[in-house]
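Tertiary structure, described
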Amino acid sequence: MLKGFIESHTHAGMIPFEGLKAMAANGIHKAVSCAIVISARHAESYFDHFRMISGFYRQLAATVGVELFSAVGIHPVGIPDDWTRVVDRLPEFLNDDTVVAIGEIGMNHASPMERDVLQAQLEVAKNYNVPAVIHTPKENRPYVVDEIINIAAKVGIAPGLLIIDHANLDIIGQINDFGAIAGLTIRQQNLTPEVLVENLELFKNGMLNSDYSNIMPNDPVGLLKAVDYMQSRQIDENIIKELAGGKAAGVYGLKD
């Protein structure tokens with residue numbers, strides 16, 4: 001029986017306690033919680049959020065057997081007016097051993113402000129040699145991903161440090177061509193297990209996640225639907241292990 005799965009992108013502050021228990025019960029014993037503060041107006045909203053995830057929620061997850069790590073950054077759904085204050089303090093939060101990435105960052109519309117905020121955070125990721133988890137939008141995805149890649153190339157960050165998330169058939173070619181890592185969000189409105197398996201050659205270098213939040217229909221153990229389906233289709237167990245934990249362990253530097 002496969003075990004040792006890693007939830008490579010979730011939002012711990014939105015997961016109900018029963019969801020954390022379900023993660024542990026189904027073999028997810030490590031998870032990375034990405035930052036998101038919807039409609040944030042002040043830098044302090046993010047500072048409190050970062051501390052809440054690495055403190056309270058990390059301790060809560062541990063009570064059910066999940067070791068919680070976190071990523072810090074400004075999500076495009078909540079860019080505060082004083083966003084530069086958050087960027088200036090990201091190195092301070094990166095000093096915490098349980099903070100393993102910058103994220104969730106990215107763009108929804110490729111507006112001038114979104115571009116500036118993304119570039120500033122990618123510069124921090126480059127300077128501190130940490131991965132960056134990149135959000136991609138629901139609309140105009142190929143265009144926005146092109147712009148994300150152009151900004152990353154301008155910054156000069158190593159493509160292997162970029163996790164371009166919510167990958168699907170519309171953008172996987174761009175991600176692979178740039179040499180970034182595809183974040184594979186398993187849920188009906190993103191990537192389904194069936195599409196994953198039918199196009200496994202395109203997706204096999206990515207890493208699975210559930211991106212759980214309480215703002216849309218999804219499942220805190222959604223990535224395991226892909227694991228179960230791959231097993232039912234007799235996919236090589238080494239590929240499954242890499243997608244469901246091995247890749248994330250390497251990218252985030254998570255030790256057994």
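The rules we used
By convention here, each chain's residues receive numbers from 1 onward along its written sequence. Owing to the predicted nature of the model, reporting of local features is limited to residues with pLDDT of at least 70; listing and counting of side-chain atom pairs is limited to 80 or more, with chain, interface and lining totals taken over all residues. The side-chain figures draw on all heavy atoms in the structure; neither hydrogens nor water molecules are used. Counting from the N terminus, the helices are the DSSP runs of H or I reaching at least four residues and the strands are the DSSP runs of E reaching at least two. Take the residue count of a helix, subtract one, and multiply by 1.5 Å to get its expected span. In this analysis the local bend is the angle between axes fitted, respectively, to the seven residues ending at and the seven residues starting at the residue. Only protein chains enter the area calculation, which uses a 1.4 Å probe; residues under 20% of their type maximum are buried, those over 50% are exposed, and those in between are partly exposed. Note on contacts: a residue pair is in contact if any heavy atoms of the two residues lie within 4.5 Å. Helix axes are fitted to C-alpha atoms over the stretch in contact, other axes to C-alpha atoms as well, and angles between N-to-C directions run from 0 to 180 degrees. Any angle that falls under 35 degrees is termed roughly parallel, while one over 145 is termed roughly antiparallel, one within 65 to 115 roughly perpendicular, and all others oblique. Each residue gets one of three labels, nonpolar for Ala, Val, Leu, Ile, Met, Phe, Trp, Tyr, Cys and Pro, charged for Asp, Glu, Lys and Arg, and polar for the others, Gly among them. Strand pairing follows a simple DSSP-based rule, namely that at least 2 bridges must link the two strands. Whether a crossover is right-handed depends on one test, that the path from the first strand over the helix to the second runs clockwise when the strands point away from the viewer. Two residue types count as positive, namely Lys and Arg, and two as negative, namely Asp and Glu; His and chain ends fall outside the count. Put simply, a salt bridge is a Lys or Arg side-chain nitrogen that is within 4 Å of an Asp or Glu carboxyl oxygen. For our purposes a nonpolar core is just a set of buried Ala, Val, Leu, Ile, Met, Phe, Trp, Tyr and Cys residues, chained together by side-chain atoms within 4.5 Å.

1. Regarding helix α2 (residues 43–62)
Given 3.6 residues to a turn, an α-helix orients residues that are three or four positions apart in the same direction. Given a rise of 1.5 Å per residue, 20 residues ought to cover 28 Å, and the 28 Å separating the end C-alpha atoms of α2 matches this to within 8%. The sharpest bend along α2 measures roughly 40 degrees and falls at M52. Every buried residue belonging to α2 is among A43, Y46, F47, H49, F50, I53, G55, Y57 and A61, and all of these are buried. Against the buried residues of α2 lie α1 (17–25), β2 (28–33), β3 (67–72) and α3 (83–94).

2. Comments concerning the packing of helix α9 (residues 223–232) against helix α10 (residues 237–252)
Packing of α9 against α10 leaves a shortest axis separation of 10 Å and a crossing angle of 175 degrees. As summarised for this structure, α9 and α10 are arranged roughly antiparallel, according to the angle between their axes. Here L223, V227, M230 and Q231 of α9 lie close against α10, whose contacting residues are I240, L243 and A244. Split by residue class, the contact of α9 with α10 holds six nonpolar, one polar and no charged.

3. Some points on the pairing of strand β1 (residues 5–10)
Counting buried residues in β1 gives six out of six residues, a clear majority hidden from the surface. Bridge analysis of β1 against β2 gives four bridges, and the strand direction is parallel. Bridging across to β2, F5 finds its partner in I28. Following the backbone out of β1, through α1 and into the adjacent parallel β2, one traces a crossover that is right-handed.

4. Here we look at the pairing of strand β7 (residues 181–185)
Taken across its five residues, β7 has five buried, putting it largely inside the fold. The two faces of β7 match: I181, G183 and T185 on one face and A182 and L184 on the other face are all buried. Relative to β7, strand β6 (residues 162–164) runs parallel, the two being bridged by two bridges. Looking at β7, one finds that I163 is bridged to I181. As a crossover connection, the stretch from β6 through helix α6 (residues 172–178) into β7 is right-handed. Here β7 pairs with strand β8 (residues 207–209) via three bridges, running parallel. Following the sheet pairing, G183 is matched in β8 by M207.

5. So, the side chain of E7
Looking at where E7 falls in the secondary structure, it is placed in strand β1. Buried E7, no salt bridge; nearest opposite-charge side chain is R187, N-O distance 9.2 Å. Filtering out sequence-adjacent residues up to four positions away, E7 remains in contact with M23, I28, K30, A31, V32, N209, S210, D211, P220 and L223.

6. Examining unusual backbone geometry
At the junction of G103 and E104, the peptide bond is cis and its omega measures out at 5 degrees in the coordinates. Mapped onto the elements, E104 comes out in strand β4 (residues 99–106). With a phi angle near 55 degrees, N129 is a residue other than glycine that sits in the positive phi range. For N129, the position within the fold is in the loop between α4 (112–128) and β5 (132–135). For N129, a relative accessible area of 58% translates into the label exposed. Backbone geometry at D211 places phi at a positive 45 degrees, although glycine is not the residue there. The residue D211 is located in the loop between β8 and α9 in this model.

7. Thoughts on the nonpolar core
Formed by 80 residues in total, the largest nonpolar core has its most connected members in I102, L122 and L208. Not counting chain neighbours up to four residues away, the residues in contact with L122 comprise I105, A132, I134, I151, A152, V155, I157 and L162. Core analysis: the second largest hydrophobic core is formed by 15 residues, I6, V133, M207 and A249 among them.

8. Examining the sheet that holds β8
Here we have eight strands laid out as an open sheet, ordered β1-β2-β3-β4-β5-β6-β7-β8, and parallel in their pairing. One side of each edge strand has no neighbouring strand; the edge strands of this open sheet are β1 and β8. On average, adjacent strands in this sheet sit at an angle of 30 degrees to one another, irrespective of strand direction. Where α3 meets the sheet, it contacts β3 and β4, and its direction lies at approximately 150 degrees from that of β4.

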